[in-house]
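Residues per chain, in single letters:
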Amino acid sequence: MNVFKFSLVTIGLLTLISCENSTTTPSTDNNTGAKKEAILNMKRATDHHSYSKPAEAVVTHLDWNAVVDFESRTIAATATFDLETSDQAQKVILDIRELDILSVQVDGKDSPFNIGEEQEFIGSPLSIEITPSTKKVSITYNTQPGADAFLWVEGSEDANPFLFTQSQAILARTWIPCQDSPGIRFTYNATVDVPKDLMALMSAVNPTEKNPEGHYTFVMDQPIPSYLLALAVGDVEFRSVGEHTGVYATPDLIDAAEYEFAEMEDLLVAAENLYGKYAWERYDLLVLPAAFPFGGMENPRLTFATPTIIAGDRSLVSLVAHELAHSWSGNLVTNSTWDDFWLNEGFTVYFEQRIMEAVYGRDISEMLASLSYRGLVNELSDLNPNDTHLRLHLKGRNPDDGMTAIAYDKGFLFLRMIEETVGRTQFDSFLSEYFTKHAFTVMDTDNFIEYLEGTLLTDQSTRDAVNLTAWIDGAGLPDNCPEIQSERIENVDIAVRNWADGTLATSDLLWSDWLYQERYRFLKSIPSTVTLERLDELNSLYKISSTGNNEVLFAWLEQAVLKGHLASYERLDTFLVHVGRRKFLTPLYKAMLDTDQRDMAVRIYKKARPNYHSVATGTMDELLQFKGIN
Ligand code: BES
Ligand code: ZN
């Protein structure tokens with residue numbers, strides 16, 4: 001393991017050297033040339049979402065000791081960082097937000113510190129005076145009960161309490177003071193104390209059983225950026241599903257999770273066959289409470305996932321393929337700043353579909369590709385054209401604003417267009433090499449273009465065909481956007497048209513034969529002209545409102561709101577109170593607003609809001625212009 005880590009890190013650092021031209025000398029004798037160069041290279045990175053100045057002092061390792069207290073909903077912790085300093089270093093700056101800093105030590109001695117002015121989203125700089133020979137800084141602090149990264153889920157008669165974090169994009173700083181920029185990587189060790197009946201898990205080597213004292217130790221000896229720091233504490237069990245794969249879930253869900261994710265090892269093997277060896281040893285998945293604001297989060301070694309992908313029939317595993325793909329695109333080669341987010345997500349959607357194709361066939365992956373394309377086309381009309389370039393400009397904004405179909409689906413289509421232009425064989429060897437060459441390093445849009453032009457797009461005619469500028473810095477979808485042909489989706493489109501104009505009877509729909517993607521597409525495409533009676537007929541015949549597939553249920557509930565299908569409102573209410581996945585919440589609340597049902601939206605939101613994570617309340621508060629706390 002150590003040999004492996006060292007070689008990859010070394011490769012990573014050496015790759016960085018080539019871009020550097022400064023002449024600063026190392027500050028201490030044991031600084032290797034490569035390390036020195038890596039620090040200098042950080043000077044290039046300007047991340048407008050972090051105060052850190054890595055050129056002066058950069059963190060390389062974190063020791064985190066923490067005690068988790070469910071009663072006060074706080075964590076009392078000490079974070080000790082190893083530093084690499086430049087020979088002029090006078091201070092190290094960490095990002096903090098919503099943290100109570102108690103004391104700071106520099107190489108073991110109490111030291112003064114300064115907390116600068118707070119900015120929205122970004123928080124404050126924590127400046128600590130150091131000298132070029134400083135090795136370690138240590139911060140003792142408490143988190144605040146409302147810290148944005150956390151969701152503390154209250155226990156009940158039949159469930160224990162649960163805590164999970166969500167660090168991406170810039171929420172790590174609300175639970176650990178850190179250089180919270182994706183361009184800065186560090187290894188970490190941790191000790192975490194939790195209530196005795198709960199297990200602690202991190203984005204690190206994890207336990208598979210509870211410790212009777214509630215004491216857990218963690219090692220992550222591959223360098224990761226701060227947004228991949230993750231902690232979960234809950235009453236979970238582990239089940240192995242393959243040689244390198246397993247699931248964690250609460251007792252009520254563990255059997256279902258074991259069944260649902262039984263094919264994880266196949267996905268892992270398929271991914272390795274495509275783009276090279278999996279770098280993180282194990283790939284496990286933790287099923288979180290339904291309040292988790294995302295579908296999945298690619299925390300290294302332990303994907304965090306929403307329970308809403310447990311459908312009982314393994315139909316929603318493409319989400320696992322997506323998070324797994326991030327083990328290469330994102331976790332191994334990381335977007336330099338949130339303006340380069342498409343390098344994480346676009347590559348991941350492309351890779352996800354290749355995994356799906358390899359395991360389940362082209363029919364399925366083309367259906368996903370087609371939905372991705374159509375989703376993008378829909379969303380484009382709602383987006384400011386300036387936000388539809390692959391390269392984003394998020395300065396002064398919440399990086400969360402970049403989480404649109406642009407990074408994901410325009411990013412995917414861009415890569416698919418290149419694949420189609422140069423041919424799959426060439427494109428695949430390009431991608432394998434891209435991941436190997438840049439493993440454990442950072443990539444920004446300019447460097448990617450340079451690399452792409454220097455490898456795949458060496459001749460002018462290919463460059464002209466690809467038209468990088470139109471994709472990277474142009475609005476909308478360029479003319480050379482690939483056409484996605486999915487016969488199955490096209491047949492659904494025909495069916496919905498015929499059904500809507502009355503030429504196809506509800507009972508003649510092939511609903512029972514359709515996969516979830518086809519059902520989802522059908523529901524999403526129902527035109528506004530369809531009557532409430534027709535919709536009700538559809539539901540009575542195919543029992544849609546009681547489906548176990550949450551994607552289909554969501555699409556149904558959206559239609560139900562739009563058409564005023566009152567019989568579904570109770571289901572809508574329980575769904576919104578129980579599920580905190582933003583991708584579902586936003587369209588459902590929007591549908592209520594768009595149909596003059598604001599009162600209902602606010603009534604449900606008031607009830608549901610305490611269950612939601614800050615990522616979701618942030619968006620919904622704005623959408624509903626919600627000001628009251630309760
Ligand atoms: N890394 C993202 C989630 C994320 C992005 C969190 C930006 C915070 C800021 C994750 O990999 C993701 O893309 N999740 C998707 C799943 C998907 C597209 C299959 C989600 O949660 O919907
Ligand atoms: Zn993703």
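Residues numbered from 1 in each chain as written. Chains lettered and ligands numbered in written order. Predicted model: local features only at pLDDT ≥ 70, side-chain atom pairs only at ≥ 80, totals over all residues. Heavy atoms only, no water.

### Re the site of ligand 1
The cut-off we apply is this: A cutoff of 4 Å decides nearness: a residue is near a molecule or strand if any of its heavy atoms lies inside that distance of it. Nitrogen and oxygen atoms within 3.5 Å of one another constitute a polar contact, given that in protein one can donate a hydrogen and the other can accept it, and given that sequence-neighbouring residues count only through two side-chain atoms. Labels follow the DSSP assignment, with helices taken as runs of H or I lasting at least four residues and strands as runs of E lasting at least two, numbered in each case from the N terminus. Classes in brief: Ala, Val, Leu, Ile, Met, Phe, Trp, Tyr, Cys and Pro nonpolar; Asp, Glu, Lys and Arg charged; the others, Gly included, polar.
In the vicinity of ligand 1 lie 15 residues, with Gln168, Gly295, Glu298, Glu323 and Tyr408 positioned nearest. Contact between ligand 1 and His326: an oxygen atom at 2.9 Å from a side-chain N or O atom of the residue. Those elements that place two or more of their residues in the shell around ligand 1 are strand E18 (296-297), helix H5 (318-325) and helix H6 (341-360). Broken down by class, the residue content of the shell around ligand 1 amounts to six nonpolar, six polar and three charged.

### Observations concerning the sheet that holds strand E12 (residues 199-202)
Heads up, the rule is: The pairing criterion is simple: DSSP has to find at least two bridges between the two strands. Only the stretch in contact is used when fitting a helix axis, every axis being a line fitted to C-alpha atoms; angles between N-to-C directions are given from 0 to 180 degrees.
Taken in spatial order, the four strands make up an open sheet running E9-E10-E14-E12, and their pairing is antiparallel. Sheet topology places strand E9 (150-153) and E12 at the edges, where each strand pairs with a single neighbour. For this sheet the average axis-to-axis angle between neighbouring strands, irrespective of direction, equals 10°. In this structure, E12 lies alongside strand E14 (residues 231-234), joined through four bridges in antiparallel fashion. Counterpart to Ala200 in the pairing with E14 is Val233.

### Topic: the coordination of the zinc ion (ligand 2)
The line we're drawing: Only nitrogen, oxygen and sulfur atoms within 2.8 Å of the metal, or 3.2 Å for Na, K and Ca, are treated as donors, and water is left out, so sites may look incomplete. Geometry is assigned from the angles between donors: four donors with all angles from 85 to 135 degrees make a tetrahedral site, four or six donors whose opposite pairs exceed 155 degrees while the rest stay between 65 and 115 make square planar or octahedral sites respectively, and everything else is labelled irregular. Whether a residue is buried, partly exposed or exposed follows from its accessible area with a 1.4 Å probe, protein chains only, as a fraction of its type maximum: under 20%, in between, or over 50%, in that order.
Distances from the zinc ion (ligand 2) to its protein donors, namely His322 (NE2), His326 (NE2), Glu345 (OE) and Glu345 (OE), fall within the range 2.0 to 2.7 Å. Viewed at the metal, the six donor atoms of the zinc ion (ligand 2) are separated by angles of 53 to 158°, and the geometry they form is irregular. Positions of the donor residues of the zinc ion (ligand 2) along the chain correspond to the pattern H-x3-H-x18-E. Residue His322 is located in helix H5, and its partner Glu345 is located in helix H6; the two are separated by 23 residues in the primary sequence. As far as burial versus exposure is concerned, His322 and Glu345 are alike and both buried.

### Examining unusual backbone geometry
With an omega of 0°, the peptide bond between Gln168 and Ala169 qualifies as cis. Positionally, Ala169 belongs in the loop between strand E10 (162-165) and strand E11 (185-193). One non-glycine residue, Glu281, lies in positive phi territory at about 70°. Locating Glu281 in the fold gives a position in the loop between helix H4 (264-275) and strand E17 (283-287). Within the chain, Arg301 stands out as a residue other than glycine whose phi angle is a positive 70°. Its location among the elements puts Arg301 in the loop between E18 and strand E19 (302-305).

### Here's the deal with the pattern of salt bridges
Counted only if it meets this: What makes a salt bridge here is a side-chain nitrogen of Lys or Arg within 4 Å of a carboxyl oxygen of Asp or Glu, nothing more.
The full count for this structure, using the stated rule, is 39 salt bridges. One salt bridge in this structure joins Asp446 and Arg391, with 3.1 Å as the shortest N-O distance. In this pair, Asp446 is assigned in helix H10 (residues 445-455) and Arg391 in the loop between helix H7 (362-380) and helix H8 (405-422), connecting sequence segments 55 residues apart. Exposure remark for Arg391: the relative accessible area of 18% places this residue in the buried category. Here Asp400 and Arg582 are joined by a salt bridge, their closest N and O atoms 2.6 Å apart.

### A word on the pairing of E17
Most of E17 is tucked away, with five of its five residues classed as buried. Sheet topology note: the strand E16 (residues 245-249)/E17 ladder contains four bridges and is parallel. Each residue of the ladder has a partner; that of Thr245, found in E17, is Tyr283. Relative to E19, E17 runs parallel, the two sharing four bridges. Looking across to E19, one finds that Leu286 is bridged to Phe304.

Functional significance is not addressed by these values, which are geometric in nature.
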